[in-house]
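Commentary on secondary and tertiary structure
Chain residues, written in single-letter form:
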Amino acid sequence: MSLDADPALRHVSPAFRTYCGEDALAALPRELDRLHARRAVIVCGPSIVKQTDALGRVQRALGKHLVGQFDGVAEHSPLPVVQQARQFLAEHDADAVIAVGGGSAVVTARAASILLAEDRDIRELCTRRDSEGKLVSPRLTAPKLPQWVVPSTPTTAYAKAGSAVRDPQTGERLALFDPKTRAQGVVFDPAMALTAPPRLVRSAALNVFAMAVEGLQSRQVDPLADAQLAHALRTVVTWLPLLRTDPEGARPRLHLMLAALMSGHGSDHTGGGLAQALSHTVGPRSSASNGVVEALLLPHVIRFNTGVIAHRIVQLAELLGLRDHTADAVIGKIQRLLEVFDVPFRLRDVGLSQTDLVEAADHALGDWTITGGPRVPDRVDALSLLSNAW
């Protein structure tokens, strides 16, 4: 937004409650009572089940509200697992869902709630192209179970309304969007924050970093969202290196979780980005997490967007502490930060073959996120960008 322009925006912040600290879990039963919820189900993965002390804290906090625990969550939220979770919610007559763990737990809980409420095949519910080739997202009208999140990693999924499910048979990413599945809030518990291996925290924080940088490239200038994204960016740059020097400390992890929340909320208003859309299809085909892939692609995406985001490049340069406000300076700074964060330089370094690039580019064009960037690529653009990154 230029200095001579009047602000013109629409910024609607959904109700969301945040609790952080040693006693944060005590809020859960109060919040469930506020919603008149009596039959809560935990949705988590096998790795969380092994963390008996931390998970026990959540179970004890829920007390009589807890009626079951689905612990089959798997990476990338595969469709068969989501369907199993949906069945579990139905069998236990759940009236609230507590997602415990990382992004896959959050997404699985949301997607299972959609399948339960809508009671239709997922391909009738997911984003798809219409007869004219336009991406459309069906309106999902059934009431959804209230969601709460007790995270183990700094994932931007806390704040989102979208749920991406992967079909392992076809490799498709089936995207569901329903604002009614936004979490009621999040509880940052220090003990749960310490359950994730540092490498998982690092990869999740890279997604936070990349999403903040992409949000700050948006054509849509929203000062309120920019403030969240800018502070998320500063927080990751400050606290991610400290994860290496204090791997068993809760403070860096909690700060990164707060950054994830800010990045998730802020990017909801500015839209997604190209690195995010490409990582959704490249990540599952690589040996790295989506967050690592997204960060790896970031310099290439900034270069692709440069011609249409001159005003945003200046803002990014200032946030990154650069006197040189050119795109080359910003890209160079991002690359140096990625080196500090131990991000691989090329897609071939994370196990991607050249033959994977074509399929990844094709699938990315069907990702709703790709429409949110400042410059929307065609197939040639997407394939060229991936080839350059390879």
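About the criteria used
- Residues numbered from 1 in each chain as written.
- Predicted model: local features only at pLDDT ≥ 70, side-chain atom pairs only at ≥ 80, totals over all residues.
- Heavy atoms only, no water.
- Helix = DSSP H or I, 4+ residues; strand = E, 2+ residues; numbered from the N terminus.
- Rg over C-alpha atoms; globule rule 2.2 N^0.38 Å.
- Buried < 20%, exposed > 50% of the residue type's maximum accessible area, 1.4 Å probe, protein only.
- Areas by Shrake-Rupley, 256 points an atom, 1.4 Å probe, with all protein chains shown as cover.
- Lys, Arg positive; Asp, Glu negative; His and termini not counted.
- Charge placed at Lys NZ, Arg CZ, Asp CG, Glu CD.
- Core = buried A, V, L, I, M, F, W, Y, C linked by side-chain atoms within 4.5 Å.
- Contact = heavy atoms within 4.5 Å.
- Phe/Tyr/Trp six-rings, centres within 6.5 Å; stacked < 30°, edge-to-face > 60°.
- Lys NZ or Arg CZ within 6 Å of the ring centre and 35° of its normal.
- Salt bridge = Lys/Arg side-chain N within 4 Å of Asp/Glu carboxyl O.
- Bend = angle between axes of the 7 residues up to and from the residue.
- Pairing = 2+ DSSP bridges.
- Axes fitted to C-alpha atoms, helices over the stretch in contact; angles between N-to-C directions.
- Parallel < 35°, antiparallel > 145°, perpendicular 65-115°, else oblique.
- Nonpolar A, V, L, I, M, F, W, Y, C, P; charged D, E, K, R; others polar.

Some points on the overall build of the chain
In terms of helices and strands, the chain carries 16 helices and 10 strands. Its C-alpha atoms give the chain a radius of gyration of 20 Å, within 12% of the compact-globule value 21 Å for 390 residues. Projected onto its principal axes, the C-alpha positions of the chain cover 60 × 50 × 45 Å. Expressed as a percentage of its 390 residues, the buried residues of the chain come to 55%. Accessible surface, the chain as shown: approximately 16500 Å² in total, 51% of it carbon and sulfur. Within the chain, the 41 negative side-chain charges are centred at a point lying 2 Å from the centre of the 41 positive side-chain charges.

Digging into the nonpolar core
Nonpolar side chains in soluble globular proteins generally cluster together in the buried interior. F209, L297, V330, I334, L347 and L386 are the most contacted members of the largest nonpolar core, which totals 104 residues. A total of 9 residues in this core trace back to one element, the largest contributor, which is helix 12 (residues 290-305). Not counting residues up to four positions away in its chain, the partners in contact with V330 are I302, I313, L316, A317, L320 and L322. Formed by 21 residues, the second largest nonpolar core is a distinct cluster that contains L28, A40, I42 and L55.

Considering the packing of aromatic side chains
The tally for this structure, following the rule as stated, stands at 4 aromatic pairs. Looking at R348, its charged tip hangs above the ring of W390, at a distance of 3.9 Å from the centre. R375 extends its terminal NZ or CZ atom over the ring of F304, reaching a point 3.8 Å from the ring centre.

Things to note about the pattern of salt bridges
Pairs may arise between side chains of opposite charge once their charged atoms sit close together. Scanning the model with the defined rule gives 19 salt bridges in all. The partner of E172 in a salt bridge is R123, with the nearest N and O atoms 2.6 Å apart. Placement of the pair is E172 in the loop between strand 8 (162-166) and strand 9 (173-177) and R123 in helix 6 (residues 122-125), with a sequence separation of 49 residues. Residue R379 pairs with D362 through a salt bridge whose shortest N-O separation is 2.6 Å. Taken together, the residues span a long stretch of sequence, with R379 in helix 16 (residues 379-389) and D362 in helix 15 (residues 354-364) at a distance of 17 residues. We classify R379 as partly exposed; its relative accessible area is 40%.

Observations regarding helix 12
Of all the bends found along helix 12, the most pronounced is centred on L298 and spans about 45 degrees, while P299, a proline, follows it within four residues. Taken across its 16 residues, helix 12 has 14 buried, putting it largely inside the fold.

A few points about the environment of F88
Mapped onto the secondary structure, F88 falls in helix 4 (residues 79-91). Each C-alpha atom, one on F88 and one on P190, is 28 Å from the other, the two residues being 102 residues apart in sequence. In this structure, F88 is in contact with V41, G68, Q69 and F70, ignoring residues within four places of it in sequence.

What about the pairing of strand 2 (residues 40-43)?
With burial as the criterion, each face of strand 2 is covered, one bearing A40 and I42 and the other bearing V41 and V43. Of the pairings in the sheet, the one linking strand 2 to strand 3 (residues 66-70) comprises 4 bridges and is parallel in character. If you follow A40 over to strand 3, its bridge partner there is L66. Here 4 bridges tie strand 2 to strand 4 (residues 96-101), and the two strands are oriented parallel to one another. Its bridge partner lying in strand 4, V41 is registered against V97.

Things to note about the environment of T369
You can see T369 is positioned in the loop between helix 15 and helix 16. Separated by 178 residues in the primary sequence, T369 and A191 place their C-alpha atoms 33 Å from one another. Excluding its chain neighbours within four sequence positions, the residues that come into contact with T369 are G272, G273, Q276, A277 and H280.

A closer look at the packing of helix 12 against helix 14 (residues 327-340)
Two numbers describe how helix 12 lies on helix 14: the axes approach to 10 Å, and their chain directions differ by 175 degrees. Relative to helix 14, helix 12 is oriented roughly antiparallel. Facing A295, L298, P299, I302 and R303 of helix 12, the residues of helix 14 in contact are V330, I331, I334, Q335 and L338. Each residue belonging to the contact of helix 12 with helix 14 can be placed in one class, and the counts come to 8 nonpolar, 1 polar and 1 charged.

Here we look at the sheet that holds strand 10 (residues 185-188)
One key point about sheets: their strands pair by backbone hydrogen bonds, in either a parallel or an antiparallel sense. A sheet is described by the order of its strands in space; here 6 strands give the open sequence 1-10-7-4-2-3, paired in parallel fashion. Looking along the sheet, the strands with just one partner apiece sit at the ends: strand 1 (17-20) and strand 3. Here the strands of the sheet are splayed against their neighbours by 20 degrees on average, with no regard to which way each runs. Across 2 bridges, strand 7 (residues 147-151) lies against strand 10 in parallel orientation. Its bridge partner being in strand 10, W148 is matched across the sheet by G185. Running over the sheet, helix 4 touches strand 2, strand 3 and strand 4 and is turned about 165 degrees from strand 3. Strand contacts of helix 5 (residues 103-118): strand 2, strand 4 and strand 7, with the helix running at about 160 degrees to strand 4, the strand carrying the most contacts.

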